[in-house]
Amino acid sequence: MIDSTPHAVRLWIAPRSARLFAIVVDLLVCGLLAWPIEQAVEAVTKDADDLVFLILNFLYFWLLHARYGQTIGKRLFRIMVVAPATGRPPSLRASAIRAGFFVFVPMIPVVGWFVGLLDGQHLFWDHKRRCYHDLCANTVVVNVPEKPGA
């Protein structure tokens, strides 16, 4: 007889250091991806190259988190974004909220940089180590669970 009951996977909150190193890697990757596109756009107009970088960052974080729960940086440091209720990667909507907050809120005139700074600092105060973008999207960053039998 085959046991078809789902086995609970224990999720461990990711360490702050892994999140820090992962975002550094991700921003470097985004910069490398954006550079040739920005050069092409800059040849046409000088006004849109910052917008290209913001849109690329948004798409990078939104689509990779929704599909895999991981960006390249998170994959390197064996952490992932999940919906706490399911333990699976967040929905397209939740990923868009998370990426939008992270990428676009710091661009708000006057207060955006301050909110963006507090966003990253919040993981030191939250018992689940969540930033504001995690709270808005109802996500949490966890260590990648070990595969059964590994």
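Computed from a predicted model, the values in this text were never measured in an experiment.

Caption draft 1: Examining the overall build of the protein chain more closely. Across its full length, the protein chain carries six helices and two strands. Helices and strands in the protein chain line up, N terminus first, as α-α-α-β-α-α-α-β. Here the protein chain holds 150 residues, and the buried ones make up 35% of them.

Caption draft 2: Representation of the environment of Q70. The residue Q70 is located in the loop between helix 2 (49–68) and helix 3 (72–76) in this model. Put simply, Q70 and A22 are 48 residues apart on the chain and 9.8 Å apart in space, counted from C-alpha to C-alpha. When sequence neighbours within four positions are dropped, the list of residues in contact with Q70 reads L64, H65, R75, I79, M80 and V144. For Q70, the side chain forms a polar contact with the main-chain oxygen of I79, separated by 3.0 Å.

Caption draft 3: Spotlight on the nonpolar core. V25, V29, C30, L54, F58, Y60, F61, A99 and V103 form the largest nonpolar core, which has nine residues in total. When contributions to this core are tallied by element, the ones reaching two or more residues are helix 1 (16–44), helix 2 and helix 4 (92–104). Element by element, the count of residues in this core is highest for helix 2, at four residues. Discounting chain neighbours no more than four positions away, the residues touching F61 are I23, D26, C30, T71, A99, F102 and V103. One finds A18, I79, V81 and V141 within the second-largest nonpolar core, a separate group that totals six residues.

Analysis parameters
- Residues numbered from 1 in each chain as written.
- Predicted model: local features only at pLDDT ≥ 70, side-chain atom pairs only at ≥ 80, totals over all residues.
- Heavy atoms only, no water.
- Helix = DSSP H or I, 4+ residues; strand = E, 2+ residues; numbered from the N terminus.
- Buried < 20%, exposed > 50% of the residue type's maximum accessible area, 1.4 Å probe, protein only.
- Contact = heavy atoms within 4.5 Å.
- Polar contact = N/O pair within 3.5 Å; in protein donor to acceptor, adjacent residues only side chain to side chain.
- Core = buried A, V, L, I, M, F, W, Y, C linked by side-chain atoms within 4.5 Å.

No statement about biological role is implied by the geometric values presented.
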